[in-house]
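The residues making up each chain are set out below.
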Amino acid sequence: MLQDKVALVTGSTSGIGLAIARALAAHGACIMLNGFGERGEIDRIRDEMETTHNVRVMHHPANLLHPNEIYEMVEWASAQLGPVEILVNNAGIQYTAPIDEFPRDKWDAILATNLSAAFHATHDALPFMKRNGWGRIINIASVHGLVASVNKAAYVAAKHGLVGLTKVTALETAGSGITCNAICPGWVRTQLVEKQIEARALSSAMGLEDAARQLLLEKQPSQQFVTVEHVAQLAVFLCSDAASQMTGAALTMDGGWTAQ
Ligand code: NAD
C-alpha cells in the first residue's frame, strides 16, 4: 500500500514510534528512524526491519531540541531515500510536578520536544509533500491534548498545542492531497509510562503491577493498556486512501478515558 513512500518517524527508537515505523515498513514504506539509543541497538533494529520488510531503513540522530538538526534530518531523508511524504511527529518526553514546583528548564524542554519540534518538522517537510501533491502528517498527541491531569502542566499545554497545530495544518493543506491528524492515546505501557508506574510504586510502597493497575483504575475505564501496535495500525489507516478525507481530527484510542 505504501510502496515508494518515504516515512520519517521522530522518536522511533522505542515505544510507539518504533511500532509505527515497523507497521509502515510492513506496508512497503522506506523509513527514516530518529531518536536516542545505543548505536549497536539502533543498527540491530534497522537491519531487522530491512530484512523483514525488504525496504530501506536509515536512522538520523537529530536532537529535536535544535531546529537546525530537524531541518538537516528532513533534507537528508529526502536526499537519501526520496521526498518525505509521511511525517509522524511522535517524539515526546514527560515530567510531573505541581506548577509552582515545576522546573523552568523542564517546561522549556517539554514544549520544545512535544510541540515546537512538530512545527519545525512540518515546516521543513511540507514543501516536499506539496511538490508531490500527496502527504500524510500524523501528530502523536495524547488524551492530554483534550483533557488535563494534575502535575502535568507542560505536557498538557504542549499536547493541547499539538492538537491546535494539527487543525491549522489540516486547514492550510485541505484539498491538496495532504492530510494532518492527531492520535490521542490513553495509557500505553512504554518507557515513558513505566517511569510513572515506578514512581507510583515507590511513593506508595506497592509492587509494580499493583501500581500499574492503580494507574488504569484512575483514568482508563477499559482497565487495559492500549498497545503500541493498536496505535501503529491507526497510523497505517491514516496513510491509506480510505482516510484521504479525514483531516484535522484528534482521534482518541484511550479505553474510554475521555468519554467520562
Ligand atoms: P518512549 O519514551 O518509549 O519514546 C520516546 C521517543 O522519543 C524515544 O525514541 C526517544 O529517543 C525520543 N526522543 C525523546 N526526546 C528526543 C529528542 N530531543 N530528540 C530526538 N528524539 C527524542 O515513549 P512513548 O510512550 O513511545 O511516547 C511516544 C509519543 O507518544 C510521545 O509523544 C508521548 O507523549 C505519546 N504518548 C504516549 C502515551 C503513553 O501512554 N505511553 C500516551 C499518549 C501519548
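In this text, all values refer to a predicted model and were calculated from it rather than measured experimentally.

Engineer: Explanation requested: the nonpolar core in the structure shown.
Structural biologist: Grouped burial of nonpolar side chains is what soluble globular proteins tend to show. Membership of the largest hydrophobic core comes to 36 residues, with the highest contact counts inside it found for I20, L24, I31 and M49. Other than its neighbours up to four places away in sequence, I31 contacts A7, A21, L24, A25, M49, R56, V57, M58 and L81. A62, L81, A91 and A117 belong to the second-largest nonpolar core, a separate cluster that totals 24 residues.

Engineer: When you look at the packing of aromatic side chains in this model, what are you seeing that I'm missing?
Structural biologist: The geometry of two aromatic rings is summed up by the distance between their centres and the angle between their planes. Counted by the stated rule, this structure contains two aromatic pairs. Ring geometry for Y95 and F102: centres 5.6 Å apart, planes at 85 degrees, overall edge-to-face. Judged by its relative accessible area of 11%, F102 falls in the buried class. When the ring of W187 is compared with that of W257, the centres are 5.4 Å apart and the planes differ by 50 degrees; the resulting orientation is tilted. One end of the pair, W187, is in the loop between β6 (178-185) and α6 (191-204); the other, W257, is in the segment after β7 (250-253), with 70 residues separating them in the sequence. W257 matches W187 in its accessibility class, with the two residues each being buried. Seen from the ring of W134, K5 lies directly overhead, with NZ or CZ sitting 4.0 Å from the centre.

Engineer: Explain the site of the ligand here, please?
Structural biologist: Taken together, 30 residues lie near the ligand, and T13, N90, Y155, V188 and T190 sit nearest. Take L64: an N or O atom from its main chain is 3.0 Å from a nitrogen atom of the ligand. Take G186: an N or O atom from its main chain is 3.3 Å from an oxygen atom of the ligand. Listed by contribution, the elements that provide at least two residues to the shell around the ligand are α1 (15-26), α5 (153-173) and α6. Per-class residue counts for the shell around the ligand are 14 nonpolar, 15 polar and one charged. Looking at which domains feed residues into the shell around the ligand, each of domain 1 (6-186 + 227-250) and domain 2 (188-225) gives three or more.

Engineer: Teacher, can you tell me more about α1 here?
Structural biologist: Count 3.6 residues to each turn of an α-helix, and residues three or four apart come out pointing the same way. Taking 1.5 Å of rise per residue, twelve residues should cover 16 Å, and α1 covers 17 Å from first to last C-alpha, within 8% of that figure. α1 sits mainly inside the fold: nine of its twelve residues count as buried. Turning to α1, its buried residues number three or more, namely I16, G17, L18, A19, I20, A21, A23, L24 and A25. For α1, the elements touching its buried residues are β1 (6-9), β2 (30-34), α2 (39-53), β4 (86-89), β5 (135-140) and α8 (228-239). Immediately downstream of α1, the backbone of G28 shows phi near 100 degrees, a positive value.

Engineer: Whenever I open this one, the pairing of β6 confuses me. Can you help?
Structural biologist: Where a strand is regular, its side chains alternate between the two sheet faces. Most of β6 is tucked away: eight of the eight residues are buried. Of the two faces of β6, both are covered, the one formed by I178, C180, A182 and C184 as well as the one formed by T179, N181, I183 and P185. Here six bridges tie β5 to β6, and the two strands are oriented parallel to one another. Directly across from I137, in β6, lies its bridge partner C180. Handedness of the crossover joining β5 and β6 through α5: right-handed. When β6 meets β7, the two strands line up parallel, connected through four bridges. By the bridge assignment, P185 is partnered in β7 with M253.

Rules and cut-offs
Residues numbered from 1 in each chain as written. Predicted model: local features only at pLDDT ≥ 70, side-chain atom pairs only at ≥ 80, totals over all residues. Heavy atoms only, no water. Core = buried A, V, L, I, M, F, W, Y, C linked by side-chain atoms within 4.5 Å. Buried < 20%, exposed > 50% of the residue type's maximum accessible area, 1.4 Å probe, protein only. Contact = heavy atoms within 4.5 Å. Phe/Tyr/Trp six-rings, centres within 6.5 Å; stacked < 30°, edge-to-face > 60°. Helix = DSSP H or I, 4+ residues; strand = E, 2+ residues; numbered from the N terminus. Lys NZ or Arg CZ within 6 Å of the ring centre and 35° of its normal. Near = heavy atom within 4 Å. Polar contact = N/O pair within 3.5 Å; in protein donor to acceptor, adjacent residues only side chain to side chain. Nonpolar A, V, L, I, M, F, W, Y, C, P; charged D, E, K, R; others polar. Domains from an automatic or database assignment. Expected span 1.5 Å × (residues − 1). Pairing = 2+ DSSP bridges. Right-handed = clockwise from strand over helix to strand, strands pointing away.

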